[in-house]
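Coordinate inspection notes
What follows is each chain in one-letter form.
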Amino acid sequence: MTEPILQVTDIHKRFPGVHALKGVGFDVRPGEIHALLGENGAGKSTLIKIIAGVYNPDSGGINFGGQAVAFTNPRDAQNAGVATMYQELSLYPELTVAENIFMGHAPHRNFGLFSIVDWNTMYSQAKELLEELEIYDMDVKRQVGTLNVGNRQRVEIAKALSLNARLLIMDEPTAALTESDVESLFSTVRLLRERGVGIIYISHKLIEVFELADRVTVLRDGEYIGTKEVSETNEGELISMMVGRSIDNLFPKQEAEIGDVVLEVRNLVREPHTKNISFQVRAGEIVGLAGLVGSGRSETAQVIFGIDTAESGDIYIHGQPVKITQPAQAIEHGIAYVPEDRGTQGLIKEMTIRENVSMAVLKQVSHASFIDTDAEKNIAKQAIEQFGIRAYSTEQIANKLSGGNQQKVVVSKWLASNPLLIIMDEPTRGVDVGAKAEIHRLMSALAAERGLAILMISSELPEILGMSDRILVMRDGEIVAEFTREEATQQKIGAAMMSAESVV
Amino acid sequence: MATMEKSKMIGDGKSPSQILKDIALSQEGILFIILVLTIMILSRSNENFLTTRNLFNQGRLMAEVGLMALPMTFIIITGGIDLSVGSILGLSAILVGYTWSNLGMPLEVAIVMALLGGSLAGFINGLIIVRINVPPLIMTLATLAFYRGLAQGISEARSVTGYPEWFFGLGQGTFLGFPSQLWLLIIAIIISITVLQRTTLGRTLYAIGNNAVGARFSGLPVDRTLLIIYTFSGFMAGLSGVIFVSRFTTTRSDMGNGLELDAIAAVVLGGTSIFGGKGSIIGTIIGVVMVQLLRNGLAINGVTNDATIVVIGSVLIVAILVNNQIQRLRQSE
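Cut-offs used in this document
Residues numbered from 1 in each chain as written. Chains lettered and ligands numbered in written order. Predicted model: local features only at pLDDT ≥ 70, side-chain atom pairs only at ≥ 80, totals over all residues. Heavy atoms only, no water. Contact = heavy atoms within 4.5 Å. Buried area = accessible area lost by both parts, 1.4 Å probe. Salt bridge = Lys/Arg side-chain N within 4 Å of Asp/Glu carboxyl O. Helix = DSSP H or I, 4+ residues; strand = E, 2+ residues; numbered from the N terminus. Nonpolar A, V, L, I, M, F, W, Y, C, P; charged D, E, K, R; others polar. Core = buried A, V, L, I, M, F, W, Y, C linked by side-chain atoms within 4.5 Å. Buried < 20%, exposed > 50% of the residue type's maximum accessible area, 1.4 Å probe, protein only. Pairing = 2+ DSSP bridges. Axes fitted to C-alpha atoms, helices over the stretch in contact; angles between N-to-C directions. Domains from an automatic or database assignment. Polar contact = N/O pair within 3.5 Å; in protein donor to acceptor, adjacent residues only side chain to side chain.

**With respect to the interface of chain B and chain A**
- With 23 residues of chain B at the interface, the matching set in chain A holds 34 residues.
- At the boundary of chain B with chain A, total buried surface from both sides reaches about 2,400 Å², with 62% on carbon and sulfur atoms.
- Taken together, the connections running from chain B to chain A amount to 2 salt bridges.
- The salt bridge involving Glu355(A) is made with Arg203(B); its shortest N-O contact spans 3.6 Å.
- Of all elements in the fold, only helix H1 (2–12), helix H9 (180–198), helix H10 (200–210) and helix H11 (212–217) of chain B reach the threshold of two or more residues within the side of chain B that touches chain A.
- Its residues placed into classes, the side of chain B that touches chain A shows 9 nonpolar, 10 polar and 4 charged.

Pasting the structure below:
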């Protein structure tokens, strides 16, 4: 067996009020993709920051490349050969690909006191590095800001290579990627594995772990739970290791009585993302809207909700034609929209839970424009109790909540508006497994017990299959397929989502 | 249920001394303490400073900037700015003189014209900011020049004098023993505080300043709210223009030159974040009073005008630094 490139033993780290890591240890071998799993707050981020030299551990040892090391800052770690890709990429959008790759160690020529960047060498070396990653179509003189997220990640990987990294840490690299970018990222990562680079891969998505990783280590509440060979474990085991109990059902779909048509959309057009869309959603029904990123699902939802105005087409609520040019009108007609981007669209993070929960019903909780703070507090208290939001007070700032709890605040804000139809755009993105099951249970209950019509946009096929009564597939701004719950399979939906691409 | 009760204790059940400490260490509390210290120092060094007569006079002088600083607080809370208020003041002043003297209308009509003109100027700012998405800084920088130019064009560089005696009551008279314009300012302050703290409009302002996209996705009337506050800003600048003419007895097209900076300085000194989302009227008022009293106190102590500006600038910087430091310490607590 090969010597591990990284060996971490019995790491402890305390922050004021939190014991973030309680004796965590694991190892990474050269040429291994080692997945790190755990719910939000399990300690993954703290652990990788310790390995990357951002934090110092209170106790415990790190052995890198056969030597005991104590990185005191990120630069030490980098020089030793540890490269880290954080969720927010640390690139300079105004600079070129080559400049970014060689940031801080650009090839230069010395003239006595001066040194001058050797641009030609830099460009040719950048090109070579990209070619090593089998990337041949990227212009090294292009501004990074003009690249899409997938290509920016490749630049970041090339940057890690330029530093001769022997260990690469990737923190949720696929969170913002489209499906085709995910595939090419995976092949790049596999390429690095073949070269003998050790890789720590953090992800929320179990599917990725099974597709990519060799071993997987699970953390929970700052404790080391265990390490498994990926080939010898399964999804259920990993989930129960992560949450400490077995979640019997990630998709608790209740049998609901399907009622009248609540929303009907006919020939809705808003170029370029919405071209001639028609569909219905009934009371008590969950309709899943599947499609690739960029197929126009969110854009269409936002036309229905009045963020953008339709160029033509009609929207009917309970059979009555309605005109929606602003979100306020959509709310009045009983439409709610839980947006994809929770941080900017869904919440005002700097404001309190109370202020967020009452935001869509501000008119109802005020008399002649004067806000009734007690009424607001009541709504917020109810939300906290009913949905089990983990908060110490209604006056807590939304930003201080975890992702799952923030999502519950957004959902309770929209339920306060007493909607007929709720559009949920990627309702469980960036939410850990435990909270995911809770949100699914809530959706099911809303449809079955309250008779709410739900339109669910999701990029996760298991979620679409597990939660929907009916499934619509969008491609290039049009609905191209419709399946009932019984007839839908991953293959059929996948084919419908992509068939135009396979022709090309 | 048990957790709810516990949270109530943490959230609402603060001891009186804790509440007092919170108030004293808030942005406004600190500023207020600095203000009191300033007044104490100034009054010890000159006996004419802390007299009713002098303070009333200062009240008159701060009314115009104060009236403009109120809507400026609203605008800066949304993350915007209005650089054109000084020019709108000048334009409104000219409209008083032009309507009364050149068009021969009654002075009452001229005053209404000035207020309408100011409101329209603000409305145009708001409309273009909202509809064409021009950043407020650029839009109002353009109208800073445009409205001033308009004022100069209309007045043709001639000043208007000889207003009837009753008109000076507003700028120079007293009402119930107080300078008249101070009453207007106090009423405007009370309304502004109420609107900002208690109404849906006020809540919308904070929401826009913190996250305009989130506000829009929550169905708040973002565009309408912005339109209202820029129009309100124009109206208040118009009102300040009328008071200015009444106090000055003459109309000139350069009136209010640079006053926008005084108003913005007062707002920012008062703890309103220039990035939006945070701020209060009380802070702004303390800011207005502080700048005015410093200016006056130094002048009657025989400090030259140039030196006064340096001292005011230094006090502003110190006040902001002290405040930042204390708020940072409190946050890390």
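**Comments concerning the nonpolar core**
- Counting residues in each nonpolar core, the largest one holds 90 residues, and the members touching the most others are Leu70(B), Tyr163(B), Phe167(B) and Met290(B).
- Sequence-distant contacts of Met290(B), that is, excluding residues within four places in its chain, are made with Leu31(B), Ile34(B), Leu35(B), Thr38(B), Leu269(B), Val315(B) and Ala319(B).
- If you look at the next biggest cluster of nonpolar residues, it comprises 74 residues, including Ala283(A), Ala330(A), Leu347(A) and Ile439(A).

**Digging into the sheet that holds strand E11 (residues 215–220) of chain A**
All names here are of chain A.
- Strand order in the open sheet formed by 6 strands is E6-E9-E10-E3-E11-E12, with mixed pairing between adjacent strands. Only two strands of the sheet have a single neighbouring strand rather than two, namely strand E6 (82–85) and strand E12 (223–229). Neighbouring strand axes in the sheet, compared pairwise and without regard to direction, differ in orientation by 20 degrees on average.
- Both strand E3 (residues 33–37) and strand E10 (residues 198–202) contribute to a ladder of 4 bridges, which runs parallel. The residue bridging leucine 36 from the neighbouring strand is isoleucine 202, located in E10.
- Against the sheet, helix H5 (residues 149–162) contacts E6 and strand E9 (167–171), and its axis sits at roughly 170 degrees relative to E6.
- Packing against the sheet, helix H8 (residues 235–243) makes contact with E3, E11 and E12, and its axis sits at approximately 30 degrees to E11.

**Some details on the domain arrangement of chain A**
Residues and elements named next belong to chain A.
- The assigned domain composition of chain A is domain 1 (6–243), domain 2 (249–334 + 419–504) and domain 3 (347–417).
- When each unit is reduced to the centre of its C-alpha atoms, the spacing between domain 1 and domain 2 is 36 Å.
- The interface is formed by 9 residues belonging to domain 1 together with 8 residues belonging to domain 2.
- Together domain 1 and domain 2 conceal approximately 860 Å² of surface at their shared face, both sides included; 62% is due to carbon and sulfur atoms.
- Taken together, the connections running from domain 1 to domain 2 amount to 0 salt bridges.
- Inspection of the domain 1/domain 2 interface yields 0 residue pairs in polar contact (both at pLDDT 80 or more).
- With 3 residues, H8 is the largest single contributor of residues to the side of domain 1 that touches domain 2.

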